[in-house]
Amino acid sequence: MEYESLRARMVERLVDEGYILSENVRRAFEAVPRELFVPSEYRARSYVDMPLPIGEGQTISAPSMVAIMLEVSDLSEGLNTLEIGAGSGYNACLIAQIVGDDHLVTIERIHTVYMQAKENLTRCSKAVDVVHGDGTEGWPAKAPYDRIIITAAAPSLPNPLKEQLKVGGKLIAPVGKTAGFQTLTVAIKQPDGSFKEKRFGACAFVPLIGTYGF
Ligand code: SAM
């Protein structure tokens, strides 16, 4: 079957199973070919709902997990967004479809993975700023952000990221002290600088490694 029809079926499934809830997330999944972000040896499995290896022990997350994170991130056009953990670049391309051109910076720690994300993201129709570095320190050059999305498991919410968020902004992250099991957390910045946290169930991500990570 052609990738295009496999993609349409995957989107239908994610909608039926309740992972995709909003129009903007559905449209983003329809627009971005996941096969362009998956290493050639796994390409045939691009539309199976599972994480896949992207090298250096890292993964592109399962589409259902990506959909859950995008929905709780509550994205819309024009929101200034920072992603930590570019990985394959797939999630960055989806985010860029929603927030629009020039509103997304994504950071990757591992140089070879960063190079791959940069290359993959040339296939994204939206402009995405890809940075090599430790995302736990954030990216002050484009701060403050409306949304900061961490796609790796954080032991706690990194302070620099809390500081680089606007009041009313949302920090989205899998949070957990142990590798292999975390709670998807959305922390909303209050006018006094404190955070209100909401939890959205269990998840499993590779660790966030850095000064304010593991
Ligand atoms: N969003 C990615 C995608 O769409 O393919 C999947 C991300 S993968 C689950 C987690 C990524 O976070 C890995 O590529 C890993 O190298 C990266 N990472 C871990 N710690 C990091 C840090 N401190 N700064 C930036 N990236 C980091």
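Here, the structure is the one placed above.
All values reported here derive from a predicted model rather than from experimental measurement.

Calculation rules
- Residues numbered from 1 in each chain as written.
- Predicted model: local features only at pLDDT ≥ 70, side-chain atom pairs only at ≥ 80, totals over all residues.
- Heavy atoms only, no water.
- Near = heavy atom within 4 Å.
- Polar contact = N/O pair within 3.5 Å; in protein donor to acceptor, adjacent residues only side chain to side chain.
- Areas by Shrake-Rupley, 256 points an atom, 1.4 Å probe, with all protein chains shown as cover.
- Helix = DSSP H or I, 4+ residues; strand = E, 2+ residues; numbered from the N terminus.
- Contact = heavy atoms within 4.5 Å.
- Phe/Tyr/Trp six-rings, centres within 6.5 Å; stacked < 30°, edge-to-face > 60°.
- Lys NZ or Arg CZ within 6 Å of the ring centre and 35° of its normal.
- Pairing = 2+ DSSP bridges.
- Salt bridge = Lys/Arg side-chain N within 4 Å of Asp/Glu carboxyl O.
- Buried < 20%, exposed > 50% of the residue type's maximum accessible area, 1.4 Å probe, protein only.
- Patch = residues over 30% accessible without salt bridge, like charges linked within 9 Å, V, L, I, M, F, W, Y side chains within 5 Å.
- Lys, Arg positive; Asp, Glu negative; His and termini not counted.
- Charge placed at Lys NZ, Arg CZ, Asp CG, Glu CD.
- Expected span 1.5 Å × (residues − 1).
- Arc of directions from axis to C-beta.

1. Some words on the site of the ligand
Every one of the 28 residues lining the ligand counts as a neighbour, but Gly85, Ser88, Glu108, Gly135 and Ile209 are closest to it. For the ligand, a nitrogen atom lies 3.1 Å from a polar atom in the side chain of Glu83. At 2.6 Å from an oxygen atom of the ligand is found a side-chain nitrogen or oxygen belonging to Glu108. When the ligand sits alone it has 610 Å² of accessible area, and the protein chains cover 99% of it. Listed by contribution, the elements that provide at least two residues to the shell around the ligand are strand S2 (58-60), strand S3 (81-84), helix H4 (90-99) and strand S4 (104-108). Take the shell around the ligand: its biggest share by element is three residues, from S2.

2. Some points on the side chain of Thr185
Mapped onto the elements of the fold, Thr185 is located in strand S8 (residues 182-189). A distance of 3.0 Å separates a polar atom in the side chain of Thr185 from the backbone oxygen of Thr183. Ignoring anything within four residues of it in the chain, the contact list for Thr185 reads Leu171, Ile172, Ala173, Val175, Glu197, Lys198 and Arg199.

3. Thoughts on the packing of aromatic side chains
Summed over the entire model, instances satisfying the criterion amount to three aromatic pairs. Joined through ring pairs, the aromatic side chains of Phe29, Phe37 and Tyr90 make up one cluster. Positioned above the aromatic ring of Tyr90, the side-chain terminus of Arg34 is 5.8 Å from the ring centre.

4. Let's talk about the pairing of strand S7 (residues 165-175)
Where strand S6 (residues 145-150) lies against S7, four bridges are found, and the strand directions are parallel. Within S7, the position partnered with Tyr145 by the bridge is Leu165.

5. Thoughts on the pattern of salt bridges
Enumeration over the complete set of coordinates arrives at ten salt bridges. Across the pair Arg147 and Asp74 runs a salt bridge, and its minimum N-O distance is 3.5 Å. In this pair, Arg147 sits in strand S6 while Asp74 sits in the loop between helix H3 (63-73) and S3, placing the two residues 73 residues apart along the sequence. With a closest N to O distance of 3.0 Å, Lys142 and Asp129 form a salt bridge. Placement of the pair is Lys142 in the loop between strand S5 (129-132) and S6 and Asp129 in strand S5, with a sequence separation of 13 residues. Overall, the relative accessible area of 34% leaves Lys142 in the partly exposed class. Three or more residues are tied together by salt bridges with common partners; here these are Glu23, Arg26, Arg27 and Glu30.

6. Here's the deal with the environment of Ile150
Mapped onto the elements, Ile150 comes out in strand S6. Of the residues examined, Ile150 reaches a relative accessible area of 0% and is grouped as buried. It is 7.3 Å that separates the C-alpha atoms of Ile150 and Pro174, two residues lying 24 residues apart in sequence. Not counting the four nearest positions on each side in its chain, Ile150 is found in contact with Met69, Ile84, Pro158, Leu161, Leu171, Ile172, Ala173, Pro174 and Leu208.

7. Things to note about a negative patch on the surface
On the surface, Glu12, Asp16, Glu17 and Asp49 cluster together into a negatively charged patch. For Glu12, the location among the structural elements is in helix H1 (residues 3-16). Looking at Glu12, the relative accessible area reads 51%, which means it is exposed.

8. Brief notes about H1
The terminal C-alpha atoms of H1 lie 20 Å apart, and with 14 residues this matches the ideal 20 Å at 1.5 Å per residue to within 8%. Listed in full, the buried residues belonging to H1 are Arg7, Met10, Val11 and Leu14. Down the axis of H1, the buried side of the element spans an arc of 100°, and every buried residue falls inside it. Relative to its buried face, H1 has exposed residues pointing more than 90 degrees away, namely Glu12 and Asp16. Contact partners of the buried residues in H1: helix H2 (23-31), H3 and H4. Backbone geometry just downstream of H1 places Gly18 in the positive-phi region, at approximately 85°.

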